[in-house]
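Read off the chains here:
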Amino acid sequence: MMAVVGRALVATSRSDDEVRKELSILPSGYTMQMLVPSGPGFMVKVEEQGHLTLVSDRTQKPDLSITFKHLSFAFLVFSFQESTARSFANDRMVLDGEVSHAIRLVRCLNKMEAIILPRFVARLAVKRYPRISLGEKVSKAARVYGLVAKHLVLGR
Amino acid sequence: MAKPYYEFFSPVKVIAGHKALEHIPFELKTLGCSRPMIVTDKGVRGAGLIDHVAGAFDSTSIDVAIIFDDVPPDSSLETVRKAAEVYRGNNCDAIIAVGGGSVIDTSKGTNILVSEGGDDLKAYSGAHILKRRLKPFYVIPTTSGTGSETTLVAVVSDLEKNVKLPFMSQFLMPDAAILDSRMTLTLPSHITAMTAMDALTHAVEAYTCLAANPLSDAYAYSAVKKISENLMTVMEDPKDADARLELAQASTMAGIAFSNSMVGLVHSLGHALGAVCHLPHGLCMSLFLPYVLEYNRDINGDKVGELLLPLAGSELYATTPKEQRAAKAIAFIRELRDKLYNSCQLPRTLKETGKVSVGQIEQVAQLAIDDGSIIYNPNESDFDELVDILKRAWE
């Protein structure tokens, strides 16, 4: 599940200007990881103009790491039963790195969830559902799902 | 609604009272210490506050080994290294911090070095790096606001790289916080007002933001009541030792509350304003508290409304319909700010500070939106909304 979220985040960085703007502040080559200890996770790298790419070799220490204390806590967040902010507030994650960058990553995750999930599900996953028209949501979601499917099928 | 999950941790012994300092020698003895080092700054020492602490060791078998009073307003790696050197050079076996935030953070950093060895404090920066107990450590706050005596965090500046290094570990928490009315009795009125508003903000945000939990609520609620009942008493009679002690306890209780349930948007904006305009932290809290409560009211108005009871008392609470209590609580805080303005000219608006320009508003909003505490705010904020709050706080 976390690998799919990582791919969806990468795809969102190629589909949404707001997410790209958030990420373009970070230095090129900056790496961010979300993981469960001894379990699943994903690492992404910031490229030029706020585009993300997946990092397959996760042995290097990332610039920013968010570690869920247990697999079930990651499941709560990525099955959209608990917002990322609520998960932070419930002490379910440990942050290692610059806090302001983590806040940006959370905003990107929120926007991704608002785009790819039906509104009634996304409302559970974010503090406030953003202003986004149905047309924008459908076109961006289609692009994100398309890019994720392509990655899963073709591996690129 | 029941809280589905929370954590609460508060291992700091609180020693509070008019003769609390005199309990320190016994506390040191119980941990086998006989050569404590006092860490403080020149302002605290110049105000004669160290005399009260040193006097507590008269006629005991413990001597203060050395007083290190070279702590600047912002703690730095260099200061921590110097303090560790002094500690080692004098064969000390415990640290007593006497002062405010910078002194306490310096002491926490010093304790890492003298306990773990070496001079590289940077190696311990980050969350949960420390793995064992440090040397015995005591904190005597000289203001009633920061609550640092109960928190597991320290921030030390790396002046070479111009960055602030955070340290977070349960082992940084002191063995005891000593609250003695003598230590705040001579605090100037404007500092008393600012630091009390800092403590009030800690309590209010701890109670109303996302990570609030039943135990932190209990501390926050009582802290709000103590501040509401005693702040103006102290402003009118600064030598009222009982009221001073109540404020000191309120600050510590608010510290326990927010170290377990964090803070929200008032702090995000306050941190940003402090960084851009170099205003004292407590003043920044006072400037934004009512505006942020108003902004969040649609989301958490029920909890803000509950605070009307400790703020204004039972009569007003009982005669106010439930749906109007949040607005009344916010109005009460505005009135408190008016009283403080009349008493010591504590600014109520950004304009009144005389140190903020309209042109800086967007810069403050940009910094605030990336502040770590914003994630705990119940309302999701965007840049335009932060600009709007800042404009409301302008005049």
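For clarity, every value in this text was computed on a predicted model and none was experimentally measured.

Reading guide: rules and limits
Residues numbered from 1 in each chain as written. Chains lettered and ligands numbered in written order. Predicted model: local features only at pLDDT ≥ 70, side-chain atom pairs only at ≥ 80, totals over all residues. Heavy atoms only, no water. Helix = DSSP H or I, 4+ residues; strand = E, 2+ residues; numbered from the N terminus. Buried < 20%, exposed > 50% of the residue type's maximum accessible area, 1.4 Å probe, protein only. Contact = heavy atoms within 4.5 Å. Lys, Arg positive; Asp, Glu negative; His and termini not counted. Charge placed at Lys NZ, Arg CZ, Asp CG, Glu CD. Rg over C-alpha atoms; globule rule 2.2 N^0.38 Å. Areas by Shrake-Rupley, 256 points an atom, 1.4 Å probe, with all protein chains shown as cover. 1 Å grid on protein atoms, 1.4 Å probe; cavity = no way out; pocket = protein on both sides within 12 Å on 5 of 7 lines; lining within 4 Å. Points joined across faces, edges and corners; volume = space filled by probe spheres on them. Nonpolar A, V, L, I, M, F, W, Y, C, P; charged D, E, K, R; others polar. UniProt positions renumbered as here; feature names shortened; annotations may be inferred. Pairing = 2+ DSSP bridges. Axes fitted to C-alpha atoms, helices over the stretch in contact; angles between N-to-C directions.

*Asks:* Give me the overall build of chain A: which residues, what numbers.
*Replies:* Counting secondary structure elements, chain A contains seven helices and five strands. Listing the helices and strands of chain A from first to last along the sequence gives α-α-β-β-β-β-α-α-β-α-α-α. For chain A, the spread of C-alpha atoms along the three principal axes comes to 40 × 35 × 30 Å. When the 156 residues of chain A are sorted by exposure, 52% land in the buried category. Sequence separation of 24 or more characterises 62% of the internal contacts of chain A that already satisfy a separation of 6 or more. Side-chain charges of chain A comprise 23 positive and 14 negative groups, with the mean position of each set lying 6 Å from the other.

*Asks:* Describe the overall build of chain B, with residues and values.
*Replies:* Each helix and strand in chain B was counted, giving 16 helices and nine strands. Relative to a compact globule of 395 residues, whose C-alpha radius of gyration would be 21 Å, chain B shows 21 Å and is just as compact. The principal-axis extents of the C-alpha atoms in chain B amount to approximately 60 × 45 × 45 Å. The long-range share in chain B, meaning contacts at least 24 apart out of those at least 6 apart in sequence, stands at 78%. Taken as a whole, chain B presents about 15,800 Å² of accessible surface, with 52% of it coming from carbon and sulfur. Computing the positive centroid from 36 side-chain charges and the negative centroid from 49, chain B places the two 3 Å apart.

*Asks:* For unusual backbone geometry, give the residues involved together with the corresponding values.
*Replies:* For Ser38(A), which is not glycine, the phi dihedral falls at a positive 55°. Relative to the assigned elements, Ser38(A) resides in the loop between strand 1 (31-35) and strand 2 (41-46). Non-glycine residue Met262(B) carries a positive phi angle of around 60°. Inspection of the secondary structure puts Met262(B) in the loop between helix 8 (241-261) and helix 9 (265-277). For Met262(B), a relative accessible area of 32% puts it in the partly exposed group.

*Asks:* Would you mind going over empty space enclosed by the protein in detail, with residue names and values included?
*Replies:* The final tally for this structure, using the stated rule, is four cavities of 30 Å³ or more. In this structure, the largest cavity encloses a volume near 110 Å³. Taken together, Ala85(A), Ile103(A), Val106(A), Arg107(A), Asn110(A), Lys127(A), Ile369(B), Ile374(B), Ile375(B), Asn379(B), Glu380(B) and Ser381(B) form the lining of the largest cavity. Ranked by residue count, the leading element in the lining of the largest cavity is helix 5 (residues 99-116) of chain A, at four residues. Taken together, the residues of the lining of the largest cavity break down into six nonpolar, three polar and three charged.

*Asks:* Break down the UniProt feature "domain: Alcohol dehydrogenase iron-type/glycerol dehydrogenase GldA" (unreviewed entry) in chain B for me, citing the residues and quoting the values.
*Replies:* Per the UniProt record, "domain: Alcohol dehydrogenase iron-type/glycerol dehydrogenase GldA" (unreviewed entry) is found at residues 11-180 of chain B. With 28% helix and 25% strand, residues 11-180 of chain B has end C-alpha atoms that lie 19 Å from one another.

*Asks:* Can you lay out the pairing of strand 4 (residues 94-99) of chain B for me, pointing to particular residues and giving the numbers?
*Replies:* Residue and element names in this part refer to chain B. Counting buried residues in strand 4 gives six out of six residues, a clear majority hidden from the surface. Where burial is concerned, the two faces of strand 4 agree: the one with Ala-94, Ile-96 and Val-98 and the one with Ile-95, Ala-97 and Gly-99 are both buried. Judged from the four bridges that link them, strand 2 (residues 36-39) and strand 4 form a sheet pairing that is parallel. When the bridges of strand 4 are listed, Met-37 appears paired with Ile-95. Sheet topology places strand 4 next to strand 6 (residues 137-141); five bridges connect them, and they run parallel. Opposite Ala-97, over in strand 6, you have Val-139 as the bridge partner.

*Asks:* Go over the layout of surface pockets, please, and point to the residues and values.
*Replies:* Empty pockets left among the atoms are what a rolling probe the size of a water molecule brings to light. Residues and elements named next belong to chain A. Taken as a whole, the second largest pocket holds about 830 Å³ of empty space. Take the lining of the second largest pocket: its biggest share by element is five residues, from helix 5. The residue inventory of the lining of the second largest pocket, partitioned by class, reads eight nonpolar, three polar and 14 charged.

*Asks:* So what's going on with the sheet that holds strand 9 (residues 176-180) of chain B? Which residues, and what values?
*Replies:* Residue and element names in this part refer to chain B. Reading across from one edge, 1-9-6-4-2-3 is the order of the six strands in this open sheet, with parallel pairing throughout. The open sheet has two edge strands with one neighbour each: strand 1 (13-17) and strand 3 (66-68). For this sheet the average axis-to-axis angle between neighbouring strands, irrespective of direction, equals 20°. Of the pairings in the sheet, the one linking strand 6 to strand 9 comprises two bridges and is parallel in character. Looking at the pairing, Val-139 lines up with Ala-177 of strand 9. The sheet contacts of helix 4 (residues 77-89) involve strand 2, strand 3 and strand 4, and relative to strand 3 the element is tilted by about 175°. Contacting strand 2, strand 4 and strand 6, helix 5 (residues 101-116) crosses the sheet at an angle of about 165° to strand 4.

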